[in-house]
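In case you want the letters, here they are:
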Amino acid sequence: MTAQDAPIRSYEIRTYGCQMNVHDSERLSGLLEDAGYVRAPEGADGADVVVFNTCAVRENADNRLYGNLGQLVPKKAARPGMQIAVGGCLAQKDRDTIVKRAPWVDVVFGTHNIGQLPVLLERSRIAQEAQVEIVESLETFPSTLPSRRESAYAAWVAISVGCNNTCTFCIVPALRGKEKDRRPGDVLAEVEALVAEGVIEVTLLGQNVNAYGSDIGDREAFSKLLRATGAVEGLERIRFTSPHPRDFTDDVIAAMAGTPSVMHQLHMPLQSGSDRVLKAMRRSYRQDRYLGIIEKVRAAMPDAAITTDIIVGFPGETEEDFQQTLHVVREARFTQAFTFQYSKRPGTPAAEMADQIPKAVVQERYERLVALQEEISWEENKKQVGRTLEVLVAEGEGRKDDATRRLSGRAPDNRLVHFERPDEPVRPGDMVTVEITYAAPHHLLAEKPASAVRRTRAGDAWERRNAAPPQPAGVMLGLPTVGAPAQAPEPVAGCSLD
């Protein structure tokens with residue numbers, strides 16, 4: 001059989017964890033398709049290659065992985081030539097352990113060598129044995145690899161990888177390595193290429209995005225990059241995630257306020273409101289510093305929507321410490337908070353700390369925090385009632401859209417908006433101007449007819465993609481769609497790109 005006669009092999013990627021993993025999975029898809037693979041059809045019973053892009057920051061992440069791998073044993077036995085690959089942070093951490101515990105796995109690769117996946121699959125196929133390749137430093141910046149992006153109108157653009165922080169609850173620096181920045185010209189070239197393809201919204205992505213420039217010692221490199229990205233003609237919305245309070249400087253606030261295409265939306269991880277707990281976490285800021293940043297952002301952009309991450313029940317957290325977190329939540333008035341109950345992350349200093357908090361205590365505090373934040377989120381969203389907003393129509397954002405005959409999208413500040421379908425055709429990527437009539441804690445509703453529909457290049461790009469000859473589709477990412485990059489997926493405590 002010649003190479004031309006060889007059957008086309010299908011692939012499926014299952015992604016867990018943070019936005020950087022979603023970014024990497026788009027590259028893995030691009031690499032596989034460049035190598036001749038096609039995506040397995042949505043709902044298909046299996047694929048020829050199944051890739052797990054893993055996360056290591058959750059407690060028992062390894063048990064969930066091996067459970068999922070175990071479910072594939074009978075499928076692999078019934079499908080000659082099927083291959084299973086495991087990559088991402090858990091692969092970087094566990095290495096040879098994966099093949100020992102799951103000998104039916106064919107390939108294990110790390111966070112630094114995702115570009116080797118097609119080669120490793122072929123090596124395994126020929127050698128008929130598992131290929132484990134983990135390298136300790138980045139071989140190729142992921143954004144330079146081929147990509148199959150999940151959205152025609154919105155895109156992630158990584159500006160750095162790795163992290164120089166040493167938070168005691170987080171294992172990411174050990175698995176992603178020290179921070180490495182891309183050259184500004186390379187970032188802008190990628191943005192310009194995306195805009196030429198029809199993208200109108202980008203999210204600049206980094207493990208600690210506003211530390212950009214540390215490689216060259218330029219503390220204002222990130223604000224300069226924001227302004228330069230804002231000068232790209234045709235780009236309508238710019239977001240970034242996630243900044244670290246330590247590196248959040250006044251020039252970044254000025255760039256946000258002074259660059260029209262940079263959205264007035266900020267995800268700023270808090271983790272705890274207690275200075276004592278922040279010190280134990282090795283978070284290099286304190287409550288006053290954090291609230292001072294929020295105050296400056298609101299002074300420069302009164303309409304800014306601010307979201308955060310909070311960990312409840314960190315080792316040694318007292319009721320007084322927890323009250324300090326509630327105080328910050330009341331003062332900051334976050335639009336939304338991603339709240340997490342602390343759980344041990346193997347390999348982190350916090351996992352070995354004394355005074356681990358009993359589960360019942362953590363649960364009770366967590367419920368109080370969620371109740372408070374729900375109340376604040378609802379109050380803040382009610383302030384949007386009566387406002388007229390231009391919404392970027394999204395694909396897959398509203399799970400009940402078919403039943404309600406509505407569409408969904410994102411406001412400039414990234415709030416989720418459900419709205420009545422206009423009479424004229426509307427495509428994902430188009431802009432719809434609506435009046436907000438109702439607010440819930442996690443979404444806004446526009447029940448009146450849209451006052452305007454603006455067809456965009458992004459909508460044209462979506463239409464071209466969907467008018468092309470049918471292609472197998474449906475990678476099971478296990479995450480929200482990329483229609484609103486800064487919102488999906490939810491940050492993971494300890495791996496919140498913070």
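Observations regarding the sheet that holds strand E19 (residues 438-439)
Taken in spatial order, the 7 strands of this open sheet run E19-E20-E17-E16-E15-E18-E21, and their pairing is mixed. A strand with exactly one partner marks an edge of an open sheet, and here the two such strands are E19 and strand E21 (452-454). Where strand E16 (residues 406-410) and strand E17 (residues 416-420) come together, 5 bridges link them in antiparallel fashion. Bridge pairing in E17 places Ser408 opposite His418.

Some points on the pattern of salt bridges
Inspection of the entire model under this criterion finds 32 salt bridges. The closest approach of N and O atoms between Arg27 and Glu26, which form a salt bridge, is 3.7 Å. Taking relative accessible area as the criterion, Arg27 reaches 1% and is therefore assigned buried. Under the relative-accessibility criterion, Glu26 is labelled buried at 3%. A salt bridge links Lys296 to Asp250; the shortest N-O distance between them is 3.1 Å. Remark: Asp250 occurs in helix H10 (residues 250-258) and Lys296 occurs in helix H12 (residues 287-300); sequence separation between them is 46 residues.

Section: helix H14 (residues 359-382)
Taking 1.5 Å per residue as the helical rise, H14 with its 24 residues ought to reach 34 Å, and the 34 Å between its terminal C-alpha atoms agrees with that figure. All of the buried residues along H14 are Val362, Arg365, Leu369, Leu372, Gln373, Ile376, Ser377, Glu380 and Asn381. On its buried side, H14 packs onto strand E13 (305-312), helix H13 (319-332), strand E14 (336-341), E19 and strand E20 (444-446).

Description of the sheet that holds E13
Strand order across the open sheet formed by 3 strands is E12-E13-E14, with parallel pairing between neighbours. Strands with a single pairing partner mark the edges of an open sheet, and in this sheet they are strand E12 (265-267) and E14. Averaged over all pairs of adjacent strands, the angle between strand axes in this sheet comes to 10°, irrespective of strand direction. Relative to E13, E12 runs parallel, the two sharing 3 bridges.

Brief notes about the environment of Ala394
Considering the arrangement of structural elements, one finds Ala394 in the loop between strand E15 (388-393) and helix H15 (401-404). On the accessibility criterion, Ala394 (11% relative accessible area) is buried. Along the backbone, Ala394 and Arg14 are 380 residues apart, and their C-alpha atoms lie at a distance of 22 Å. Residues in contact with Ala394, not counting those within four places in the same chain, are Tyr153, Ser408, Gly409 and Pro428.

Notes on H10
Those residues of H10 that fall on the buried side of the exposure criterion are Asp251, Val252, Ile253, Ala255 and Met256. Close packing links the buried residues of H10 with helix H9 (221-230), strand E11 (237-241), E12 and H12.

Considerations on the packing of aromatic side chains
Taken as a whole and judged by the stated rule, the model has 4 aromatic pairs. Measuring from ring centre to ring centre gives 6.2 Å for Tyr285 and Tyr290, while their planes differ by 35°; the resulting arrangement is tilted. With relative accessibility at 3%, the residue Tyr285 sits in the buried group. The buried category is assigned to Tyr290, whose relative accessible area is 1%. Judged by centre distance (5.5 Å) and plane angle (70°), the rings of Phe314 and Tyr342 are edge-to-face. One end of the pair, Phe314, is in the loop between E13 and H13; the other, Tyr342, is in the loop between E14 and H14, with 28 residues separating them in the sequence. Among the aromatic residues, ring-to-ring pairing joins Tyr285, Tyr290 and Phe334 into one connected group.

Let's talk about the side chain of Arg410
With respect to the helices and strands, Arg410 occurs in strand E16. Residue Arg410 is classed as buried on the basis of its relative accessible area of 8%. Polar side-chain contacts of Arg410 include one of 3.1 Å to the side chain of Glu397.

Comments concerning the pairing of E11
With 5 of 5 residues buried, E11 lies mostly within the body of the structure. Neither face of E11 is left uncovered, since the one carrying Arg237, Arg239 and Thr241 and the one carrying Ile238 and Phe240 both have all their residues buried. In terms of strand pairing, strand E10 (residues 201-205) meets E11 through 5 bridges, oriented parallel. Following the sheet pairing, Leu205 is matched in E11 by Thr241. Handedness of the crossover joining E10 and E11 through H9 is recorded here as right-handed.

Here we look at the packing of helix H8 (residues 184-197) against H9
Between H8 and H9, whose axes approach to 10 Å, the crossing angle comes to 30°. When the axes of H8 and H9 are compared, the pair comes out roughly parallel. You can see that H8 and H9 cross each other, and the crossing is right-handed. For the pair H8 and H9, contact is made by Pro184, Val187, Leu188 and Val191 and by Leu225, Ala228 and Thr229, respectively. Class assignment of the residues belonging to the contact of H8 with H9 gives a composition of 6 nonpolar, 1 polar and no charged.

A look at the nonpolar core
In this structure, Phe169, Leu204, Phe222, Leu226, Phe240, Phe248 and Val297 are the most contacted members of the largest nonpolar core, which totals 64 residues. Formed by 23 residues, the second largest nonpolar core is a distinct cluster that contains Tyr66, Val86, Cys89 and Ile98.

Points about the environment of Ala450
Inspection of the secondary structure assignment puts Ala450 in the loop between E20 and E21. Its relative accessible area of 23% is what places Ala450 among the partly exposed residues. Put simply, Ala450 and Gln356 are 94 residues apart on the chain and 53 Å apart in space, counted from C-alpha to C-alpha. With near-sequence residues (within four places) excluded, Ala450 lies in contact with Pro422, Val432, Thr433 and Val434.

A few points about the confidence of the model for the protein chain
Keep in mind that low pLDDT regions are not for reading the predicted coordinates in detail. Summary statistics for the protein chain give a mean pLDDT of 87 and a share of 90% for residues scoring 70 or more. Confidence drops under pLDDT 50 across residues 470-494; counting only partners more than four residues distant or on other chains, this segment forms 87 contacts.

What about unusual backbone geometry?
Note the cis peptide between Thr241 and Ser242, where omega equals -10°. Tracing the chain through its elements places Ser242 in the loop between E11 and H10. Although it is not a glycine, Gln271 sits at a positive phi angle of roughly 75°. Of note, Gln271 is situated in the loop between E12 and helix H11 (275-281). Despite not being glycine, Asp355 shows a phi value in the positive range, around 60°. Of note, Asp355 is situated in the loop between E14 and H14. Here Asp355 falls in the exposed class, since its relative accessible area comes to 58%.

The rules behind each value
Residues numbered from 1 in each chain as written. Predicted model: local features only at pLDDT ≥ 70, side-chain atom pairs only at ≥ 80, totals over all residues. Heavy atoms only, no water. Pairing = 2+ DSSP bridges. Helix = DSSP H or I, 4+ residues; strand = E, 2+ residues; numbered from the N terminus. Salt bridge = Lys/Arg side-chain N within 4 Å of Asp/Glu carboxyl O. Buried < 20%, exposed > 50% of the residue type's maximum accessible area, 1.4 Å probe, protein only. Expected span 1.5 Å × (residues − 1). Contact = heavy atoms within 4.5 Å. Axes fitted to C-alpha atoms, helices over the stretch in contact; angles between N-to-C directions. Phe/Tyr/Trp six-rings, centres within 6.5 Å; stacked < 30°, edge-to-face > 60°. Polar contact = N/O pair within 3.5 Å; in protein donor to acceptor, adjacent residues only side chain to side chain. Right-handed = clockwise from strand over helix to strand, strands pointing away. Parallel < 35°, antiparallel > 145°, perpendicular 65-115°, else oblique. Left-handed = near helix turned anticlockwise from the far one by under 90°. Nonpolar A, V, L, I, M, F, W, Y, C, P; charged D, E, K, R; others polar. Core = buried A, V, L, I, M, F, W, Y, C linked by side-chain atoms within 4.5 Å. pLDDT = per-residue confidence, 0-100.

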